[in-house]
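Notes for the structure review
Below are the chains, spelled out letter by letter.
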Amino acid sequence: MNTARVEQLQKMLKAEPTDAFLQHALAMEYSSGSEHQKAIEMLANLLSAQPDYLASYYQLGQLFEKFNEISTAKDTYRKGIDIAIKQKNRKALAELREALSQLEED
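Each value, and the rule that gives it
- Residues numbered from 1 in each chain as written.
- Predicted model: local features only at pLDDT ≥ 70, side-chain atom pairs only at ≥ 80, totals over all residues.
- Heavy atoms only, no water.
- Helix = DSSP H or I, 4+ residues; strand = E, 2+ residues; numbered from the N terminus.
- Expected span 1.5 Å × (residues − 1).
- Buried < 20%, exposed > 50% of the residue type's maximum accessible area, 1.4 Å probe, protein only.
- Contact = heavy atoms within 4.5 Å.
- Axes fitted to C-alpha atoms, helices over the stretch in contact; angles between N-to-C directions.
- Parallel < 35°, antiparallel > 145°, perpendicular 65-115°, else oblique.
- Left-handed = near helix turned anticlockwise from the far one by under 90°.
- Nonpolar A, V, L, I, M, F, W, Y, C, P; charged D, E, K, R; others polar.

1. Here we look at helix 5 (residues 70–87)
What sets the pattern is the α-helix's 3.6 residues per turn: residues three or four places apart point alike. Between the first and last C-alpha of helix 5 there are 25 Å, a value that for 18 residues agrees with the 26 Å anticipated at 1.5 Å per step. Within the span of helix 5, buried status applies to Ala73, Thr76, Tyr77, Gly80, Ile81, Ile83 and Ala84. On its buried face, helix 5 is in contact with helix 4 (55–66) and helix 6 (90–105). Immediately downstream of helix 5, the backbone of Lys88 shows phi near 55°, a positive value.

2. Notes on the packing of helix 5 against helix 6
Angle between the axes and distance between the axes: these two values describe a pair of packed helices. Two elements in contact, helix 5 and helix 6, have axes whose closest approach is 9 Å; the angle formed by their N-to-C orientations is 155°. Taken together, helix 5 and helix 6 sit at an angle that is classed as roughly antiparallel. Between helix 5 and helix 6 lies a crossing whose hand is left-handed. For the pair formed by helix 5 and helix 6, the contact residues are Ile70, Ala73, Lys74, Tyr77, Arg78, Gly80, Ile81, Ala84 and Ile85 on the first element and Ala92, Leu93, Leu96, Arg97, Ala99, Leu100, Leu103 and Glu104 on the second. Grouping the constituent residues of the contact of helix 5 with helix 6 by class yields twelve nonpolar, one polar and four charged.

3. Observations concerning the packing of helix 4 against helix 6
Packing of helix 4 against helix 6 leaves a shortest axis separation of 10 Å and a crossing angle of 20°. Taken as axis vectors, helix 4 and helix 6 run roughly parallel relative to one another. Viewed along their axes, helix 4 and helix 6 form a crossing whose handedness is left-handed. Judged by residue contacts, Tyr57, Tyr58, Gln62 and Glu65 of helix 4 engage Glu95, Leu96, Ala99 and Leu103 from helix 6.

Take it as geometry only, folks, not as evidence of what the structure does.
This is the structure in structure tokens:
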């Protein structure tokens, strides 16, 4: 985890606390530093407040998989798939479907 980057993102979030991109970026920094639980909490809170922020569904699903929370990961991917369909985002839709498919094969 890049401590300077975390501090920079935290400072930026103080100025813009509802900025989804900044919240997502900070969660990814925590995840890269093995603070996975903190990243899960941040992404879950982000999606609760801004459910259309598509980028976070895949990342949150991946984190749930790391903790072997397979059912929750599947649910997360399915919600992301619904959003990707609504947003007509084919790339994200393909990624989310592939992640879900991998879990359903196991």
